[in-house]
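Remarks on the overall topology
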Amino acid sequence: MPVMSHSAVPSASAPALACSSDIKLSTIGARAWLVEAPGGFDLPAQRRIWSLARLLHADEAIEALIPGVTNLLVLFRHIPLDENAVRKQLHAAWDQAQAISPQGKLIEIPVHYGGEHATDLAAVCHHTGLSPREVVRLHHQSEYTVFALGSAPGFGYLHGLDPQLATPRKKVPSLSMLKGTVTIGGAQAGVSALTGPNGWNAIGFAELTVFDPLADSPALMAPGDRIRFLPQRIEL
């Protein structure tokens, strides 16, 4: 599960151990360090996070690297003996990291906009001041990039939502949102991977499986993939 950045959810409760104009470092338990990129929720920051993960991959002292939304969780095999050395290592790696653009696949997702599953379309319109047709148009005209997977197996956090559509997540989540529901959460877009509680805003529905544990590649999306939503039906 990726760790969401402070721009998407409240910041981690762990104490900040280092903070500069470059990166913010926090501990998550005794062996894990969270590296947060500076700036907001944007593609250049995410590309540099991917580069940082590639640089650290060869370090045998590191057990796992989990990219999140403009952040990277670094899990060491053992508790580091020298925290200052870890700080220096991660800052040095960040200085070396150059933004990369993974050659992800293009995924086209047919969407039924509106209708019975678009339970929050009216709320999105009310918040943005846009008409339902404007919401649909702006949503499907964008191309999205998968920043990270998490929250639920196979769920992709999608960057590229038109800023006019940004709508806060609901204070009271839907208790049983269907998998395949097309959603907006803050400045991000998504497609529900599982049926269950969900605080994002539903504006449509897609007949597809985002996660299949029996498939050779269980997750439909991967970080770096590009997503296009295609209006299959519009019911307003």
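Reading the values: rules and limits
- Residues numbered from 1 in each chain as written.
- Predicted model: local features only at pLDDT ≥ 70, side-chain atom pairs only at ≥ 80, totals over all residues.
- Heavy atoms only, no water.
- Helix = DSSP H or I, 4+ residues; strand = E, 2+ residues; numbered from the N terminus.
- Rg over C-alpha atoms; globule rule 2.2 N^0.38 Å.
- Buried < 20%, exposed > 50% of the residue type's maximum accessible area, 1.4 Å probe, protein only.
- UniProt positions renumbered as here; feature names shortened; annotations may be inferred.
- Phe/Tyr/Trp six-rings, centres within 6.5 Å; stacked < 30°, edge-to-face > 60°.
- pLDDT = per-residue confidence, 0-100.
- Contact = heavy atoms within 4.5 Å.
- Salt bridge = Lys/Arg side-chain N within 4 Å of Asp/Glu carboxyl O.
- Pairing = 2+ DSSP bridges.
- Core = buried A, V, L, I, M, F, W, Y, C linked by side-chain atoms within 4.5 Å.
- Domains from an automatic or database assignment.

1. Side note on the overall build of the protein
Helix and strand counts for the protein stand at 4 helices and 14 strands. Computed over the C-alpha atoms, the radius of gyration of the protein is 19 Å, within 12% of the 18 Å expected from 2.2 N^0.38 for a compact globule of 236 residues. Overall, the C-alpha framework of the protein stretches about 60 × 40 × 30 Å when taken along its three principal axes. The burial tally for the protein puts 45% of its 236 residues in the buried class.

2. Notes on the UniProt feature "domain: Carboxyltransferase" (unreviewed entry) in the protein
The feature "domain: Carboxyltransferase" (unreviewed entry), as given by UniProt, occupies residues 23-221 in the numbering adopted here. Counting secondary structure, residues 23-221 comes out at 23% helix and 32% strand; the distance between its end C-alpha atoms is 27 Å.

3. Considerations on the packing of aromatic side chains
Taken as a whole and judged by the stated rule, the model has 6 aromatic pairs. When the centroid spacing of 5.3 Å and the interplanar angle of 70 degrees are considered together, the rings of Tyr-144 and Phe-229 count as edge-to-face. Separated by 85 residues along the polypeptide, Tyr-144 in strand β7 (residues 143-149) and Phe-229 in strand β14 (residues 226-235) bring together distant segments of the chain. When sorted by exposure, Tyr-144 lands in the same class as Phe-229, which is buried. Put simply, the rings of Phe-41, Trp-50 and Phe-147 pair up and form one aromatic cluster.

4. Describing the confidence of the model for the protein
Residues with a pLDDT of 70 or more make up 91% of the protein, whose mean pLDDT is 90. Scored below 50 in pLDDT, residues 3-20 shows 44 contacts in the model against residues more than four places distant or in partner chains.

5. Remarks on the pattern of salt bridges
One pass over the structure, following the stated rule, counts 6 salt bridges. The closest approach of N and O atoms between Arg-31 and Glu-63, which form a salt bridge, is 3.0 Å. Remark: Glu-63 occurs in strand β4 (residues 62-67) and Arg-31 occurs in the loop between β2 (24-28) and β3 (32-36); sequence separation between them is 32 residues. Residue Asp-120 pairs with Lys-170 through a salt bridge whose shortest N-O separation is 3.0 Å. You can see Asp-120 sitting in the loop between β6 (106-114) and α3 (121-128) and its partner Lys-170 sitting in the loop between β8 (156-159) and β9 (174-177), a full 50 residues away along the chain. The pair formed by Asp-120 and Lys-170 is uniform in burial state, with each residue classed as buried.

6. Concerning the pairing of strand β11 (residues 188-191)
Residue alternation in β11 divides its side chains into two sets, Gln-188 and Gly-190 and Ala-189 and Val-191, and both sets are buried. Bridge count for strand β10 (residues 181-185) against β11 is 4 bridges, and the pairing is antiparallel. Residue pairing across strands places Ile-184 opposite Ala-189, the latter belonging to β11.

7. Remarks on the nonpolar core
By size, the foremost hydrophobic cluster in this structure holds 36 residues, and its most contacted members are Ile-109, Leu-158, Met-221, Ile-227 and Phe-229. Of all the elements in the fold, those that place two or more residues in this core are β6, α3, α4 (132-141), β7, β8, β10, β11 and β14. Built from parts of two domains, this core gets at least three residues from each of domain 1 (24-96) and domain 2 (106-234). Ignoring sequence-local partners within four residues, the contact set of Leu-158 consists of Phe-41, Tyr-144, Thr-145, Val-146, Gln-188, Ala-189, Gly-190, Met-221, Ile-227 and Phe-229. Ile-49, Phe-76, Val-86 and Leu-90 belong to the second largest nonpolar core, which has 19 residues in total.

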